[in-house]
Amino acid sequence: MQEDLVFKALADPTRRLLLDALFERDGRSLGELEAIVNRSTEMSRFGVAKHLRLLEGADLVIVQKSGRERLHYLNPVPIRQIHDRWIDKYTEHHVRALTDLKRLAEEDHD
């Protein structure tokens, strides 16, 4: 299931770091992403590529060839789908309760 792949991809801190880097600026090469990862941990080019393949498999990263380079782009749609499915429904009740409380407080104040 695609949702399971997204959760698995988001579970790893290195993959989250890669997604954050692509959020900051899309269209990064493997070398650029490797340099970013290596600021916080020592990882081989092969290791970074493996993480990127998993992100690509979860449809969180889209790869486009540009000449001899492969550029990586963030696809935020699966994250939004997770948000809509799993987060919105659990926060809606609390937000509604807070707005009701605010309305009641304002009514009592008048």
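What you see is a predicted model; the values in this text were computed from it and never measured.

Reading guide: rules and limits
- Residues numbered from 1 in each chain as written.
- Predicted model: local features only at pLDDT ≥ 70, side-chain atom pairs only at ≥ 80, totals over all residues.
- Heavy atoms only, no water.
- Helix = DSSP H or I, 4+ residues; strand = E, 2+ residues; numbered from the N terminus.
- Rg over C-alpha atoms; globule rule 2.2 N^0.38 Å.
- Buried < 20%, exposed > 50% of the residue type's maximum accessible area, 1.4 Å probe, protein only.
- Contact = heavy atoms within 4.5 Å.
- Expected span 1.5 Å × (residues − 1).
- Arc of directions from axis to C-beta.

Chemist: Kindly report on the overall build of the protein chain, identifying the contributing residues and their values.
Modeler: Summing up its helical and strand segments, the protein chain has five helices and two strands in all. Its helices and strands taken in sequence order, the protein chain reads α-α-α-α-β-β-α from the N to the C terminus. Taken against the 2.2 N^0.38 rule, which gives 13 Å for 110 residues, the C-alpha radius of gyration of the protein chain at 20 Å runs more than 25% over that of a compact globule. Each principal axis of the C-alpha atoms in the protein chain carries an extent, and together these give about 70 × 30 × 25 Å. The burial tally for the protein chain puts 31% of its 110 residues in the buried class. Counting contacts in the protein chain only where the partners sit at least 6 residues apart, residues at least 24 apart contribute 50% of the total.

Chemist: Residue-level account of helix α2 (residues 13-24), with values.
Modeler: Here α2 spans 16 Å end to end across 12 residues, near enough to the 16 Å set by a 1.5 Å rise per residue. Of all the residues in α2, the buried ones are T14, R15, L18, L19, A21 and L22. For α2, the arc enclosing every buried residue in end-on projection is 160 degrees, short of the 170-degree limit, so these residues lie on one face. Counted as exposed and oriented over 90 degrees from the buried face of α2: P13, F23 and E24. For α2, the secondary structure elements touched by its buried residues are α1 (2-10), α3 (30-40), α4 (45-57), β1 (61-66) and β2 (69-74).

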